[in-house]
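Residues per chain, in single letters:
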Amino acid sequence: MDDYRYRKPAAPGPDTPRKRRFDGAAGKAPAETRFERRGGELIGSEGRSARPWRHRVLAGLLAGIAGCSSDYYRKDADSEVYTIVKEKQVAVLGETPAFSLDDFGGTPAPTGAVLLLNLHACQRLAVKHSRSFQNEREALYLAALSLTGDRHAYAPQLFARIAGSLRGDKERSTGALDSSGGVRKAWLWGLSSTVSIANTLLRSFTSNPQDAASSAINVAITQPLLRGFGPDIAGERLTQSERNVVYAVRSFEHARRALAVDVTQAYLRALQLYDSVKNAEANLTSTRTNFNRIAAHAESGRVPLFQLDQAKTSVLSAEESVNRSRTSLRDGLDSLKLVLGLPIEQAIELDTSELALLTAMDVSELGVDSEEAIQIALNCRLDLLNRRDGAADAERVAAIAEDQLKAQLDVSGRISIPTPDQREAQRPGYFKAERFTYDAGFQLDLPLDRKNERNTYRRALLDLERARRNLVDAEERIRREVAVAHRTVDRAYRSYQIEQASREVAHTRVESTQELLKYGRVETRDLLEALDAELRANNAVTAALIEFRVAYLGFLHAIGILHVDEEGAYIDLAREEGDAKSEG
């Protein structure tokens, strides 16, 4: 077994740097430590390895270089962003609607089976698969992501750097290792501060190797006193970033409501097309029955042949009407698939029983007049609230641009506590406070040339005036939009009442014409016209009902009180009517 000894170095000579080694607080030189090799490893007399500290340093260095995985950073960003979004949703909306980028399911592959959908299922599919709605999610996510960076800018930030070098010639070479680490922080009133520790290790590779080491603790601050001073100026970036997330939350909620309206409208219009097909098929059945009756009468000579030709023409027209209605239904279902984010190849069918539910709902006039509705919209419209806050943002930007016209006066200071010089100690981290050094100063930039700042300030004033005009324009547009929506609902309500009455008249006309035709008191043409009128009346009633429901939803969206549930975009039409009346 090889035997190794650690011996105290000889007394320093004139060319040998002095080294001191202390044993704890006693300040005594340590006793000799014996090492022996066990399995290729040097083990000291205390049972400790001579190398593990090197291994630990190397492991720590490699871990620091490698950092965290990209997946960790992605999940960490998601966690912080989702926390911010929920925080802002509670502050702005008073609730936390579901929000996650993972809610987007992409465009699903066609299943090969027919999907039977009701309104609730359509709205859930749109929330999951709508590509345009995913864009709205990402816009909110990116606004919150930007806020994480701006908040971080005013949080303590750790840093660490290591640099090494090797230089020399054929006779000697010198290696250096510089490292520094610390924390820096920016403050909302403009102060920037840094606390750091710097280490330098030198080794000369010659026949008589020499080592040198030094460290220093540094504290530095810089504070503007004129331009850039104060939280309103220095903290503007963070202020604007916080407000941008509020705007994005409002825009996302507005998009959720708009998606609910779009899906509901597309669904109801598709139901209308189903009803049109049903009416066209019923009319075709009636027309064929009438043709068979007239054909029998023509064969017996009771009616002229030209009336049989009229009946045949009517059958052909009814068949074409069925063909057009079915084609329109397929087109309408394809349009609905686009809104839902489904592939065009996917076959779907709608639950037509919901049309009966719509018919059973009460159709009544609005409980608010136009002026009351406008006032509700001016208080509740999320996009208008963003416009108002945007005008306030423009005012702050103008104030900051005005601040930039001032002189720049910054004061700074620095304190450094180094290790003793090489003659006294070479160990990093051995500091003596009494050897501190400091420096303080100021830098004044007189406002002799502020042409660019002047232009920025003038531009900011114009942007402020433009923002104020845009706000007025937005309010006037909303007034008009609400007034039009109110009139549309009122017209749709009256149209529905009229079309219902027209349908009753058309139905009575068919019955009376059929009865009169039996006695030859009317011609075949009269019955054909009555059947066509009944078909149009049936379609018109369904169209008027759908138009009323669509207009009603549009009105609720226009005044900003449309309700969307926390999970997605389902709208309870019956509840919406009650809410609108209670608002009035």
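About the criteria used
Residues numbered from 1 in each chain as written. Predicted model: local features only at pLDDT ≥ 70, side-chain atom pairs only at ≥ 80, totals over all residues. Heavy atoms only, no water. Pairing = 2+ DSSP bridges. Helix = DSSP H or I, 4+ residues; strand = E, 2+ residues; numbered from the N terminus. Expected span 1.5 Å × (residues − 1). Buried < 20%, exposed > 50% of the residue type's maximum accessible area, 1.4 Å probe, protein only. Contact = heavy atoms within 4.5 Å. Polar contact = N/O pair within 3.5 Å; in protein donor to acceptor, adjacent residues only side chain to side chain. Phe/Tyr/Trp six-rings, centres within 6.5 Å; stacked < 30°, edge-to-face > 60°. Core = buried A, V, L, I, M, F, W, Y, C linked by side-chain atoms within 4.5 Å. Salt bridge = Lys/Arg side-chain N within 4 Å of Asp/Glu carboxyl O. Axes fitted to C-alpha atoms, helices over the stretch in contact; angles between N-to-C directions. Parallel < 35°, antiparallel > 145°, perpendicular 65-115°, else oblique. Nonpolar A, V, L, I, M, F, W, Y, C, P; charged D, E, K, R; others polar. Patch = residues over 30% accessible without salt bridge, like charges linked within 9 Å, V, L, I, M, F, W, Y side chains within 5 Å. Areas by Shrake-Rupley, 256 points an atom, 1.4 Å probe, with all protein chains shown as cover. pLDDT = per-residue confidence, 0-100.

Visitor: Got a minute to help me understand the pairing of strand E7 (residues 192–205) in this structure?
Guide: The two faces of the sheet receive side chains in turn, since in a regular strand these alternate between them. Summarising the sheet, strand E6 (residues 173–186) and E7 pair through 14 bridges and their orientation is antiparallel. From the neighbouring strand, Gly-182 faces E7, where its bridge partner is Ser-196. Hairpin connection from E6 to E7: 5 residues lie between these consecutive antiparallel strands, with Gly-190 at a positive phi of about 110°. Bridge count for E7 against strand E8 (residues 210–224) is 13 bridges, and the pairing is antiparallel. Looking at E8, one finds that Thr-194 is bridged to Ala-220.

Visitor: Even after reading the chapter, I still don't get the pairing of E6, so can you show me in this structure?
Guide: Where strand E5 (residues 157–168) lies against E6, 12 bridges are found, and the strand directions are antiparallel. Residue pairing for E6: Leu-166 is matched across the bridge by Gly-175. Taking the residues between adjacent antiparallel strands as the criterion, E5 and E6 are bridged by 4 residues.

Visitor: Looking at this structure, how should I read helix H10 (residues 382–403)?
Guide: Three- or four-residue spacings in an α-helix give side chains the same orientation, since the helix completes a turn every 3.6 residues. Over its 22 residues, H10 runs 32 Å from end to end, which matches the ideal 32 Å to within 8%, given 1.5 Å per residue. Among all positions of H10, only Leu-382, Leu-384, Asn-386, Ala-391, Asp-393, Ala-394, Ala-398, Ile-400, Ala-401 and Asp-403 are buried. Tucked into the core, H10 has its buried residues touching helix H5 (231–234), helix H6 (236–299), helix H9 (370–380) and helix H11 (451–518).

Visitor: What's the story with helix H12 (residues 524–559) in this structure? I'm lost.
Guide: Between its terminal C-alpha atoms H12 stretches 52 Å, which fits the 52 Å expected from 36 residues at 1.5 Å a residue. Gly-560 lies just past H12 and shows a positive phi near 85°.

Visitor: Mind showing me how you'd approach the side chain of Gln-240 here?
Guide: Turning to its location among the elements, Gln-240 is positioned in helix H6. Within the structure, the side chain of Gln-240 is placed 3.2 Å from the side chain of Asp-393, a separation counted as a polar contact. One polar contact links Gln-240 to Arg-396, side chain to side chain, over a distance of 2.9 Å. Here Gln-240 is in contact with Tyr-247, Asp-393 and Arg-396, once residues within four sequence places are set aside.

Visitor: What exactly am I supposed to notice about the environment of Asn-218 here?
Guide: Along the chain, the position of Asn-218 falls in strand E8. Judged by relative accessible area, Asn-218 falls into the buried class, the value being 17%. Along the chain, Asn-218 and Ser-196 lie 22 residues apart, while their C-alpha atoms are 5.3 Å from each other. If we skip the residues at most four places from it in the chain, Asn-218 touches Thr-194, Val-195, Ser-196, Ala-198, Arg-414, Ile-415 and Ser-416. Polar side-chain contacts of Asn-218 include one of 2.8 Å to the side chain of Ser-416.

Visitor: I keep staring at the packing of aromatic side chains and nothing clicks. Help me out?
Guide: One pair of aromatic rings is described through two measures. These are the centre distance and the angle between the planes. Taken as a whole and assessed by the stated rule, the structure comprises 9 aromatic pairs. Judged by centre distance (6.1 Å) and plane angle (70°), the ring pair of Tyr-82 and Tyr-141 falls under edge-to-face. Linking Tyr-82 in helix H2 (residues 70–93) with Tyr-141 in helix H4 (residues 131–153), this pair joins segments that are 59 residues apart in sequence. As far as burial versus exposure is concerned, Tyr-82 and Tyr-141 are alike and both buried. On the numbers, 6.5 Å between centres and 55° between planes, the contact of Tyr-493 with Phe-548 is tilted. Note that Tyr-493 is positioned in helix H11 and Phe-548 in helix H12, a separation of 55 residues in sequence. Pair check on accessibility: Tyr-493 and Phe-548 agree, each one buried.

Visitor: Whenever I open this one, the nonpolar core confuses me. Can you help?
Guide: In summary, soluble globular proteins display a tendency toward joint burial of nonpolar side chains. Tyr-267, Leu-336, Leu-340, Leu-350, Val-482, Phe-555 and Ile-559 are the most contacted members of the largest nonpolar core, which totals 77 residues. Those residues in contact with Val-482 that lie beyond four places of it in its chain are Ala-373, Ile-374, Ala-377, Ala-558 and Ile-559. Counting residues in each nonpolar core, the second largest holds 6 residues, with Val-510, Val-522, Leu-527 and Leu-531 among its members.

Visitor: Teacher, can you tell me more about the environment of Tyr-154 here?
Guide: With respect to the helices and strands, Tyr-154 occurs in the loop between H4 and E5. In this structure the side chain of Tyr-154 is engaged in a polar contact, spanning 2.5 Å, whose partner is the backbone oxygen of Ala-234.

Visitor: What exactly am I supposed to notice about the pattern of salt bridges here?
Guide: Throughout the structure, instances matching the rule amount to 38 salt bridges. A salt bridge links Lys-406 to Asp-403, with the shortest nitrogen-to-oxygen separation between them at 3.4 Å. Classification of Lys-406 by relative accessible area gives partly exposed; the value is 43%. Between Asp-463 and Arg-466 there is a salt bridge, with the nearest N and O atoms lying 2.8 Å from each other. With Asp-463 and Arg-466 both in helix H11 and 3 residues apart, the pair spans about one turn of that helix. Looking at Arg-466, the relative accessible area reads 40%, which means it is partly exposed. It is possible to trace a salt-bridge network through shared partners that takes in Glu-236, Arg-243, Arg-250, Asp-389, Asp-393 and Arg-396.

Visitor: Before we go on, may I ask you to explain the sheet that holds strand E11 (residues 437–445) in this structure?
Guide: Two modes of strand pairing occur in sheets, parallel and antiparallel, and in both the strands are linked by backbone hydrogen bonds. Spatially, the 6 strands line up as an open sheet ordered E5-E6-E7-E8-E10-E11, and their pairing is antiparallel. The sheet is open, and its two edges are formed by E5 and E11, each paired on a single side. The average undirected angle you get between the axes of adjacent strands in this sheet is 15°.

Visitor: Can you help me understand the packing of H2 against H4 in this one?
Guide: Any two packed helices are characterised by how steeply their axes cross, that is the angle between the axes, and by the distance between the axes. The contact between H2 and H4 brings their axes to 9 Å, and the two run at 105°. When the axis of H2 is compared with that of H4, the two are roughly perpendicular. Residue-level contacts link Ala-77, Asp-78, Glu-80, Val-81, Tyr-82, Ile-84, Val-85, Glu-87 and Lys-88 of H2 to Leu-140, Tyr-141, Ala-144, Leu-145, Leu-147, Thr-148 and Arg-151 of H4. Its residues assigned to classes, the contact of H2 with H4 shows 10 nonpolar, 1 polar and 5 charged.

Visitor: Honestly, a nonpolar patch on the surface in this entry has me stumped. Any pointers?
Guide: Side chains of Leu-225, Leu-226, Phe-442, Leu-444, Leu-446 and Leu-448 sit close together on the surface and give an oily, nonpolar patch of about 640 Å² of accessible area. Tracing the backbone shows Leu-226 in the loop between E8 and H5. For Leu-226, a relative accessible area of 37% corresponds to the partly exposed category.

Visitor: I would appreciate a short explanation of the packing of H6 against helix H8 (residues 353–360) in the present structure.
Guide: Remark: H6 packs on H8, axes separated minimally by 10 Å, with the N-to-C direction vectors making an angle of 105°. When the interaxial angle is binned, H6 and H8 end up roughly perpendicular. On H8, the residues touching Tyr-267, Leu-268, Leu-271 and Asp-275 of H6 are Glu-354, Leu-355 and Leu-358.

Visitor: How do you make sense of the confidence of the model for the chain when you look at a structure like this?
Guide: A low pLDDT score tells you not to read the predicted coordinates there in detail. Residues with a pLDDT of 70 or more make up 83% of the chain, whose mean pLDDT is 84. This model gives residues 37–51 a pLDDT under 50, and the stretch forms 29 contacts once residues within four places in sequence are excluded.

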